[in-house]
Each structure stands twice: as structure tokens, then as C-alpha cells.
Amino acid sequence: MGETTSGRTRWRLFGLVLVAGMVGVVLMFTGLSQGAIAASFAVAGTSYKASADRLDAQGVVQYGSVDRSADQAHPVLVNGFRKAKLDNFCQSIVVPDLPGVGDITVKIAAPGGMTADNLVLGIEEVTGDLTLNNVEIGRDAGTMDKGPNGVTGGAGTFGIQADSTQISGLRQTAWSTTASTLKLNQVHITAGAGRHECF
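These numbers were taken from a predicted model, which means no experiment stands behind them.

Rules and cut-offs
- Residues numbered from 1 in each chain as written.
- Predicted model: local features only at pLDDT ≥ 70, side-chain atom pairs only at ≥ 80, totals over all residues.
- Heavy atoms only, no water.
- Helix = DSSP H or I, 4+ residues; strand = E, 2+ residues; numbered from the N terminus.
- Buried < 20%, exposed > 50% of the residue type's maximum accessible area, 1.4 Å probe, protein only.
- Contact = heavy atoms within 4.5 Å.
- Disulfide = S-S within 2.5 Å.
- pLDDT = per-residue confidence, 0-100.
- Polar contact = N/O pair within 3.5 Å; in protein donor to acceptor, adjacent residues only side chain to side chain.
- Patch = residues over 30% accessible without salt bridge, like charges linked within 9 Å, V, L, I, M, F, W, Y side chains within 5 Å.
- Areas by Shrake-Rupley, 256 points an atom, 1.4 Å probe, with all protein chains shown as cover.
- Salt bridge = Lys/Arg side-chain N within 4 Å of Asp/Glu carboxyl O.
- Pairing = 2+ DSSP bridges.
- Core = buried A, V, L, I, M, F, W, Y, C linked by side-chain atoms within 4.5 Å.

Would you explain the overall build of the protein chain in this entry?
Counting its regular elements, the protein chain contains one helix and eight strands. In sequence order, the secondary structure elements of the protein chain are arranged as α-β-β-β-β-β-β-β-β. Taking all 199 residues of the protein chain together, 39% fall into the buried category. For the protein chain, long-range pairs separated by at least 24 residues make up 79% of all intrachain contacts whose partners lie at least 6 apart in sequence.

Quick question: what am I supposed to make of the state of the cysteines here?
In protein chemistry, a disulfide is the covalent bond that joins the sulfur atoms of two cysteines. Across all of its chains, the model carries one disulfide by this definition. The disulfide partner of Cys90 is Cys198, and the gap between their sulfur atoms is 2.0 Å. Across the S-S bond linking Cys90 and Cys198, the dihedral sits near -80 degrees, which makes this disulfide left-handed. Here Cys90, found in strand E3 (residues 89-98), pairs with Cys198, found in the segment after strand E8 (188-193); they are 108 residues apart in sequence, far enough to count as distant.

What should I look at first to understand the side chain of Asn79 in this one?
Of note, Asn79 is situated in strand E2 (residues 73-87). For Asn79, a relative accessible area of 4% gives the class buried. Among residues more than four places away in sequence, those in contact with Asn79 are Val61, Gln62, Leu119, Val120, Leu121 and Ile123.

Where do I start with the confidence of the model for the protein chain in this structure?
Low pLDDT means the predicted coordinates in that region are not meant to be read closely. Residues with a pLDDT of 70 or more make up 80% of the protein chain, whose mean pLDDT is 86. Here residues 23-39 scores under 50 on pLDDT; set against residues more than four positions off or in separate chains, the count is 47 contacts.

Would you mind showing me how to read the side chain of Ser164 here?
Tracing the chain through its elements places Ser164 in strand E6 (residues 158-178). A distance of 2.8 Å separates the side chain of Ser164 from the side chain of Asn133, its partner in a polar contact. If sequence neighbours within four positions are ignored, Ser164 has contacts with Ala57, Gln58, Val60, Thr131, Leu132 and Asn133.

What should I look at first to understand a nonpolar patch on the surface in this one?
Taken together, Val135, Ile137 and Phe158 make up a surface patch of nonpolar side chains, about 310 Å² in accessible area. Mapped onto the fold, Phe158 is located in strand E6. Take Phe158: its relative accessible area is 53%, and that puts it in the exposed class.

What exactly am I supposed to notice about the pairing of strand E1 (residues 48-68) here?
Every other side chain in a regular strand lies on the same face of the sheet, so the side chains alternate between the two faces. Here E1 pairs with E6 via 14 bridges, running antiparallel. By the bridge assignment for E6, Tyr63 is matched with Gly159. Sheet analysis places E1 next to E3, joined by three bridges and oriented antiparallel. Considered in E3, the bridge of Ser51 is made with Cys90. In this sheet, E2 lies alongside E1 in antiparallel orientation, the contact comprising 14 bridges. Its bridge partner lying in E2, Val60 is registered against Phe81. Hairpin connection, E1 to E2: the antiparallel pair is bridged by four residues.

I keep staring at the nonpolar core and nothing clicks. Help me out?
Ranked by internal contacts, the top residues of the largest apolar core, which has 27 residues, are Leu55, Phe81, Ala84, Leu86, Phe89, Leu119 and Leu170. Only E1, E2, E3, strand E4 (102-110), strand E5 (114-140) and E6 provide two or more residues apiece to this core. With near-sequence residues (within four places) excluded, Phe81 lies in contact with Leu55, Ala57, Gln58, Gly59, Val60, Asp117, Asn118, Leu119, Leu121, Pro148 and Thr165.

Help me understand the pattern of salt bridges in this model?
Once their charged atoms are close, side chains differing in charge can pair, the charge on each being opposite to the other. Inspection of the entire model under this criterion finds nine salt bridges. For Asp56, the salt bridge is made with Arg54, and the minimal N-O distance between the two is 2.8 Å. By relative accessible area, which is 34% here, Arg54 ends up partly exposed. We note a salt bridge from Arg139 to Asp145, for which the minimum N-O separation is 3.8 Å.

In C-alpha cells, the structure reads:
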């Protein structure tokens, strides 16, 4: 009887430590960092999903790159924004097949929206209705100057930059996010068993 009770206590402690750790990981990957880093750190082996009713951003750059996890390279489209505002923001990450628990979803919801400075994302897939204003398509990615400072692609590679952009119905799957400043309004962070992703 005593051993069973002790075992249950250890599993509860494991669950609490795991949830606390996963919330920390998600916060890190939503950009609570000191500066914008364009796909230059090792990413976790799991992508995440994010959605917003609308994104409005100024100072936009886009180019191809690679995010690397411990054992794999992930082709990404780097999106850099000097300033960004997202309405009704949601981000979710699924930690699969934990022993004795199964899948866990950590979700950050900010119904009041999110604002960010020097936001840089390593995106695998994005959908929505896109508008680019004063756009340059096919610009040498190594010479782009409208996005966050220092966020450029390889010299001679394909790039896009614009003064501003709007995306409605934003749905994206990404590997990395950084920002110099990030503010979440009415934030609610949860961790629960099963898959409960943003979309």
C-alpha cells in the first residue's frame, strides 16, 4: 500500500515538473528573448501551430533558410517583422507519447492579442489572405533592409521585402520564433492531456 501511494506521488510530481518545463519551453519559443535571432539556434524536435484572426506588420522580409534540431534539418521560410500586431492569438505545441500520460498539449491563448518588436519566425507552412504593400519580390536576400536589423538571407538568394503586410485568417506551422519584445494581452496558458491544437 505504501509503495503504491509513493508511486502515485512520484507520477504527480513528474507531471507538475513536466508541465512547468513545457510552459517554459513554449514561452522561450514564442520569443521571450533579448534579441531577434534569425534561425540561429537549435530547435526542438517538434514544430508548433499558431493562429490569429489578423496580423498587421511593418518592415517585412521573407527568405528561405533551415532550422536544425538535434538530428534533422527543417527547411523554413523566415518571416521577419520590425513591428507586428496579431488579433486573437493562439499557439499550441503537442508533446507526444509521454509514458503513462500519452499526448499533452500546451496552449497559449491571448484573446486580447499580441504585439511584438523584431519578430522573426521559422515557418514550415502558412495560410491566410495576404496583402503586401510596396513589395519587392526577387530581391537579393543578402541585401534586404526593411526587416529587423541584421535579419537577412544568404547573398544571392531569393528574397521578398515590403513596407507592411496584412494577413487575415492566419494559420501557421513553425519551428522557431524570436522577438526583442513580446506582449500577450489577456494571456491564458494551459497544459492538458490529448491533442487540443489551435487549428
